[in-house]
Amino acid sequence: MEREVVSVNSEIFREIGDINLAYMLLAQKLVKQDRGAAMFRLGIGEELAELLANMSLAQIVKLAASNLLLCSFRLDDNPMFAVVGQGKDSALQQAHMSILMAARQQTAMASTGVA
């Protein structure tokens, strides 16, 4: 029984590492292609965007090997869930979510003093 639990945990940690690696590579690609759009889509600031853009593949692989999930979901408040659950057409849903995310980013930037 204990051996089975260890095996399941190992598989989960490997899968988290796989997700981390895919996320980090995608995030770096987005930042290198269009930094402003990437910062908006990823919900990150200028400092983290700069760090991501300059990381080597070896650094990304090492960071991704963590057993902690590095990406986070932003459906963590009621307005975002409400948009998803309203049954609007997908284009309208996406526009509404973009507005909410932009407002959230502006609020975060204002609270940290980042322009």
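This structure is a prediction, so every number in the text was calculated from the model and none was measured. (Residues numbered from 1 in each chain as written. Predicted model: local features only at pLDDT ≥ 70, side-chain atom pairs only at ≥ 80, totals over all residues. Heavy atoms only, no water.)

## Digging into the overall build of the protein
And then number 1: Within the protein, the regular secondary structure consists of 6 helices and 0 strands.
And then number 2: Secondary structure of the protein in N-to-C order comes out as α-α-α-α-α-α.
And then number 3: With 115 residues in all, the protein has 22% of them scored as buried.
And then number 4: By sequence separation, contacts in the protein at least 24 residues apart represent 53% of the contacts at least 6 residues apart.
And then number 5: Here the protein has roughly 8,300 Å² of accessible surface; of this, 61% comes from carbon and sulfur atoms. (Helix = DSSP H or I, 4+ residues; strand = E, 2+ residues; numbered from the N terminus. Buried < 20%, exposed > 50% of the residue type's maximum accessible area, 1.4 Å probe, protein only. Contact = heavy atoms within 4.5 Å. Areas by Shrake-Rupley, 256 points an atom, 1.4 Å probe, with all protein chains shown as cover.)

## Quick look at helix α3 (residues 46–54)
And then number 1: For α3, the full list of buried residues reads A49, L52 and A53. Each buried residue of α3 lies within a common arc of 100° when the element is viewed along its axis, so the set occupies one face. Residues of α3 that are exposed and point more than 90 degrees away from the buried face comprise E47 and N54.
And then number 2: For α3, the secondary structure elements touched by its buried residues are α1 (2–33) and α2 (35–42). (Arc of directions from axis to C-beta.)

## Digging into the nonpolar core
And then number 1: Core analysis: the largest hydrophobic core is formed by 13 residues, its most contacted members being V31, L42, I44 and L52.
And then number 2: Secondary structure elements with two or more residues in this core: α1, α2 and α3.
And then number 3: Residues contacting L52, with those up to four places away along its chain left out, are M24, A27, Q28, V31 and I44. (Core = buried A, V, L, I, M, F, W, Y, C linked by side-chain atoms within 4.5 Å.)

## Focus: a nonpolar patch on the surface
And then number 1: Taken together, the side chains of V8, I12 and F13 present a nonpolar region at the surface, about 250 Å² in accessible area.
And then number 2: Here I12 shows up in helix α1. (Patch = residues over 30% accessible without salt bridge, like charges linked within 9 Å, V, L, I, M, F, W, Y side chains within 5 Å. Salt bridge = Lys/Arg side-chain N within 4 Å of Asp/Glu carboxyl O.)

## A closer look at the side chain of N20
And then number 1: Turning to its location among the elements, N20 is positioned in helix α1.
And then number 2: Polar contacts involving the side chain of N20 include one to the main-chain carbonyl oxygen of A64, which spans 3.3 Å. (Polar contact = N/O pair within 3.5 Å; in protein donor to acceptor, adjacent residues only side chain to side chain.)

## Topic: α2
Spacing of three or four residues puts side chains on the same side of an α-helix, whose turn is 3.6 residues.
And then number 1: Buried residues of α2: A38, M39 and L42, and no others. Buried positions in α2, seen along its axis, are confined to an arc of 100° and lie on one side of it.
And then number 2: Two residues or fewer past α2, G43 is found with a positive phi of approximately 70°.

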